[in-house]
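# Architecture at a glance
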Amino acid sequence: MFCKTHILLLAAILMLAGCDQQPPAKARQPKPHLVEVLSVQPADIELERIRTGTLEAFQTINIYNQEEGIVTQILPREGDPVRRDELLITLDDQLLSAQLQRARAVRQQAEKELQRISGLIKRNLTARSELTQKETDLAVAKADEQVIATRLSYTRIKSPIDGVVTSRHTEPGNLAEKSSLLLTVADLSSLRLKVDVSELLLNQLAIDMPVDIEIDALRNASRANAFAVSGKVSRIYPTIDPATRSGTLEISLNPAPQGARPGQFARVKFQIARQQVLLLPFASLRQSDSGSFVYITDNDNTVQIRPLQTGLKAGEQIEVLAGLSPGDRVITRGFNNLKPGMQVTVVDRTTVGKTDGAAAP
């Protein structure tokens, strides 16, 4: 009995020893992180930017009266063309005409008194001070007459420009109080529009630079697209809005195309030629609290972070102003769980599409 127990115990010990001597399991290899990269190279491109605005007359004049009076005549209506110095409105002038006659009579009397005193001075029959007084009286009378004549001229209101009447604000018989708006006249031979552009685009523009303008309202049955016309940059405002980082441009259409009117919607296309620009796919750009950055790989396929300064966006690409050099390899796909210092495997687009699964987004 004792020998049998020892034999069984010895067998169990031998079996345990045999288990400890089995070969270790093979270590599991980590799955490679697959990425796609793009070697950044300079490219010559032409950027197109589209901005919208509203057409407006290049010159619009609001006509007010300088004298109060009843409107006796108002000749043009909305849409009527007018010429410079053409009579538009007349006001009742009876009171001012009477005042002018009185001022003229006072002036004539002052002239006669001056002549009489001048004759007496020659004969030494009066003091020299009398002559000075009469000269002053005549000067005052002439000034009063001129004031009344000027006020009387204000009752006949003429057009200050060649243009078209765009609005009429009174009718004959109405009392026009002083400084009342009577008519609005606009010069529609040339139009303009104002557009806001970013500060980056603003530096690429110049006075007299040609632009293409599309006007939707001039589309007709024979023209599938909006009507296109040429314009030019006529003014660049000197300040930038600190809130939007944008500036204002004035675009002129001279002459204005037929059918174009103030208030119509228009699109402005800017064609900007740029040389040797570094472009990146916009999707490769990453964002952090400190700004934009990209992941790049070095010659050992080690991931690094590179902060960027970007410029204008061109379609699905964006301009790189600073942070990259020609030849840098930027990661464009495979951002999931990507970290600086990580070793990655670079593959082409075909391979990434077939194999990267969880590795590439």
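The present account deals with the structure reproduced in this document.

About the cut-offs
Just so you know, the residues in each chain are numbered from 1, in the order the chain's sequence is written. For this predicted model, a pLDDT threshold of at least 70 governs which residues receive local features, and a threshold of 80 or more governs which side-chain atom pairs are given and counted, while totals over whole chains, interfaces and linings are taken from all residues. Hydrogens and waters are ignored; side-chain quantities use all the structure's heavy atoms. Here a pair means two rings of Phe, Tyr or Trp (six-membered ring of Trp) with centres within 6.5 Å. Their orientation is stacked below 30 degrees between planes, edge-to-face above 60, and tilted elsewhere. Residue burial is assigned from relative accessible area. The probe radius is 1.4 Å, only protein chains are included, and a residue is buried under 20% of its type maximum, exposed over 50%, and partly exposed in between. Numbering goes from the N terminus for both helices and strands, where a helix is a DSSP run of H or I of at least four residues and a strand is a run of E of at least two. We count a charge as sitting over a ring when the NZ of a lysine or the CZ of an arginine lies within 6 Å of the ring centre and within 35 degrees of the ring normal.

### What to know about the packing of aromatic side chains
- Counted according to the given criterion, the structure contains 2 aromatic pairs.
- Judged by centre distance (5.5 Å) and plane angle (85 degrees), the ring pair of Phe-293 and Tyr-295 falls under edge-to-face. Neither residue differs from the other here; Phe-293 and Tyr-295 are each classed as buried.
- Between Tyr-295 and Phe-335, the aromatic rings sit 6.2 Å apart at their centres with planes inclined by 35 degrees, giving tilted as the arrangement. Separated by 40 residues along the polypeptide, Tyr-295 in strand 16 (residues 291-297) and Phe-335 in the loop between strand 20 (329-333) and strand 21 (345-346) bring together distant segments of the chain.
- Taking the relative accessible area as the measure of exposure, Tyr-295 reaches 11% and is therefore buried.
- Of the residues examined, Phe-335 reaches a relative accessible area of 12% and is grouped as buried.
- An aromatic cluster is built from Phe-293, Tyr-295 and Phe-335, whose rings are joined through pairwise contacts.
- Lying across the ring of Phe-58, Arg-192 places its NZ or CZ 5.3 Å from the centre.
- Taking NZ or CZ as reference, Arg-286 lies 3.9 Å from the ring centre of Phe-335, over its face.

### Here we look at unusual backbone geometry
- The linkage connecting Asn-254 with the following residue, Pro-255, adopts the cis geometry, with an omega of 5 degrees.
- Checked against the element boundaries, Pro-255 lands in the loop between strand 13 (246-253) and strand 14 (265-281).
- You will see that Ser-179, though not glycine, has its phi angle at about 65 degrees, which is positive.
- Looking at where Ser-179 falls in the secondary structure, it is placed in the loop between strand 9 (175-176) and strand 10 (181-198).
- Here Arg-245, not a glycine, exhibits a phi torsion of approximately 55 degrees, which is positive.
- Mapped onto the elements, Arg-245 comes out in the loop between strand 12 (227-236) and strand 13.

### Re the environment of Gln-108
- Among the structural elements, Gln-108 can be located in helix 2 (residues 94-122).
- Judged by relative accessible area, Gln-108 falls into the partly exposed class, the value being 37%.
- Along the sequence, Gln-108 and Ala-141 sit 33 residues apart, while their C-alpha atoms lie 8.5 Å from each other.

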